[in-house]
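Summary of structural features
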Amino acid sequence: MTDFFIALFATLFVSVLVDLLISRITGRRLRGYATSFLLTLIGVPLVFVFVLKTTDVFEVVLGLGLGLMWWFIYLNVVQAVESSLRIRMLLEIRKNGGQMAADELRAIYNDETLIRLRMQRLVQGGAVEQGRNHWHLRSGKLKTAARFFSALKQGLLGKGSQFD
């Protein structure tokens, strides 16, 4: 049983390292996430079959299920850390030598500035573009993801959006 968890942990560890490497090299988080997901999806069964010499299908499926759950937890933790306003504010303070005037911080993190910064990141990433007076979703991948999650929410919760 110990081998089971060691193999699972080792596979996930490699997936996380590859995610971080790809994200740092390419500057694109989505590529790192996708690669680490595929490594987990393919790597867990391969490690169980070829390294642990497991012939029990139930053990492989259980390992894959646990691996994908742990990967999803990793994804959510990373997303929370990267998008956390408090962490970004602390990094901004640290970048300024560990101190910053409250007015400077308010100037950076008021609603308008936050919206502008986030939209700027979305434009740079090719996710959206600005039309005359509207923002338009440009990324086919994001459109597909939005449709998928909308269908999932409709199917599971019977709601099309959080406003229903």
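A brief report on the enclosed structure follows. Just so we're clear, the structure is a prediction, and the values are computed from it rather than from any experiment. (Residues numbered from 1 in each chain as written. Predicted model: local features only at pLDDT ≥ 70, side-chain atom pairs only at ≥ 80, totals over all residues. Heavy atoms only, no water.)

Tallying secondary structure elements over the protein chain gives 7 helices and 2 strands in all. Helices and strands in the protein chain line up, N terminus first, as α-α-α-α-α-α-β-β-α. Relative to its length of 164 residues, the protein chain is extended, with a C-alpha radius of gyration of 21 Å against a globular reference of 15 Å. Projected onto its principal axes, the C-alpha positions of the protein chain cover 60 × 45 × 30 Å. Counting the 164 residues in the protein chain, one finds 22% classified as buried. (Helix = DSSP H or I, 4+ residues; strand = E, 2+ residues; numbered from the N terminus. Rg over C-alpha atoms; globule rule 2.2 N^0.38 Å. Buried < 20%, exposed > 50% of the residue type's maximum accessible area, 1.4 Å probe, protein only.)

Okay, the packing of helix 2 (residues 29-51) against helix 3 (residues 57-83) next. Two packed helices can be described by the angle between their axes and the distance between those axes. One way to put it is that helix 2 packs onto helix 3 with a least axis distance of 9 Å and a crossing angle of 160 degrees. Here helix 3 runs roughly antiparallel to helix 2, going by the angle between their axes. As helix 2 packs across helix 3, the resulting crossing turns out to be right-handed. Each of R29, Y33, S36, F37, T40, L41, V44, P45, F48 and V49 in helix 2 lies in contact with helix 3, whose residues at this interface are E59, V60, G63, L64, G67, L68, W71, Y74, L75, V78, Q79 and E82. Of the residues that constitute the contact of helix 2 with helix 3, the class distribution is 14 nonpolar, 5 polar and 3 charged. (Axes fitted to C-alpha atoms, helices over the stretch in contact; angles between N-to-C directions. Parallel < 35°, antiparallel > 145°, perpendicular 65-115°, else oblique. Left-handed = near helix turned anticlockwise from the far one by under 90°. Contact = heavy atoms within 4.5 Å. Nonpolar A, V, L, I, M, F, W, Y, C, P; charged D, E, K, R; others polar.)

This next bit is on the packing of aromatic side chains. If you walk through the whole model with that rule in mind, you get 6 aromatic pairs. Ring geometry for F4 versus F48: centroids 5.1 Å apart, planes at 85 degrees, classification edge-to-face. Here F48 lies in helix 2 and F4 lies in helix 1 (residues 2-26), a separation of 44 residues in the sequence. Accessibility assignment for this pair places F4 and F48 in one class, buried. Plain terms: the ring middles of F9 and F13 are 6.1 Å apart, the flat faces sit at 25 degrees to each other, and that makes the pair stacked. Remark: F13 and F9 occur in helix 1; sequence separation between them is 4 residues, near one turn of the helix. For F9, a relative accessible area of 57% corresponds to the exposed category. A relative accessible area of 46% means that F13 is categorised as partly exposed. (Phe/Tyr/Trp six-rings, centres within 6.5 Å; stacked < 30°, edge-to-face > 60°.)

Another aspect to go through is the pattern of salt bridges. Counting across every chain of the model gives 2 salt bridges. Note that D19 is salt-bridged to R29, the shortest N-O span being 3.4 Å. Of this pair, D19 sits in helix 1 while R29 sits in helix 2, and the two are 10 residues apart along the sequence. Accessibility expressed as a relative area gives 0% for D19, which makes it buried. E92 is the partner of K95 in a salt bridge, and the nearest nitrogen-oxygen pair spans 3.7 Å. Taken together, the positions of K95 and E92, both in helix 4 (residues 85-95) and 3 residues apart, correspond to about one turn of that helix. Judged by relative accessible area, E92 falls into the buried class, the value being 17%. (Salt bridge = Lys/Arg side-chain N within 4 Å of Asp/Glu carboxyl O.)

All right, on to unusual backbone geometry then. Although it is not a glycine, K53 sits at a positive phi angle of roughly 60 degrees. By the secondary structure assignment, K53 is in the loop between helix 2 and helix 3.

Before going further, it helps to examine helix 1. For helix 1, spanning 25 residues, the distance from its first C-alpha to its last is 36 Å, which sits close to the expected 36 Å at 1.5 Å a residue. Along helix 1, the positions that sit buried rather than exposed are F4, A7, L8, T11, L12, S15, D19 and S23. Buried residues along helix 1 sit against helix 2 and helix 3. (Expected span 1.5 Å × (residues − 1).)

Quick look at the side chain of S36 now. Structurally, S36 is set in helix 2. Reaching out from S36, the side chain makes a polar contact with the side chain of W71 at a distance of 2.8 Å. For S36, the residues in contact, after removing those within four places along its chain, are S15, D19 and W71. (Polar contact = N/O pair within 3.5 Å; in protein donor to acceptor, adjacent residues only side chain to side chain.)

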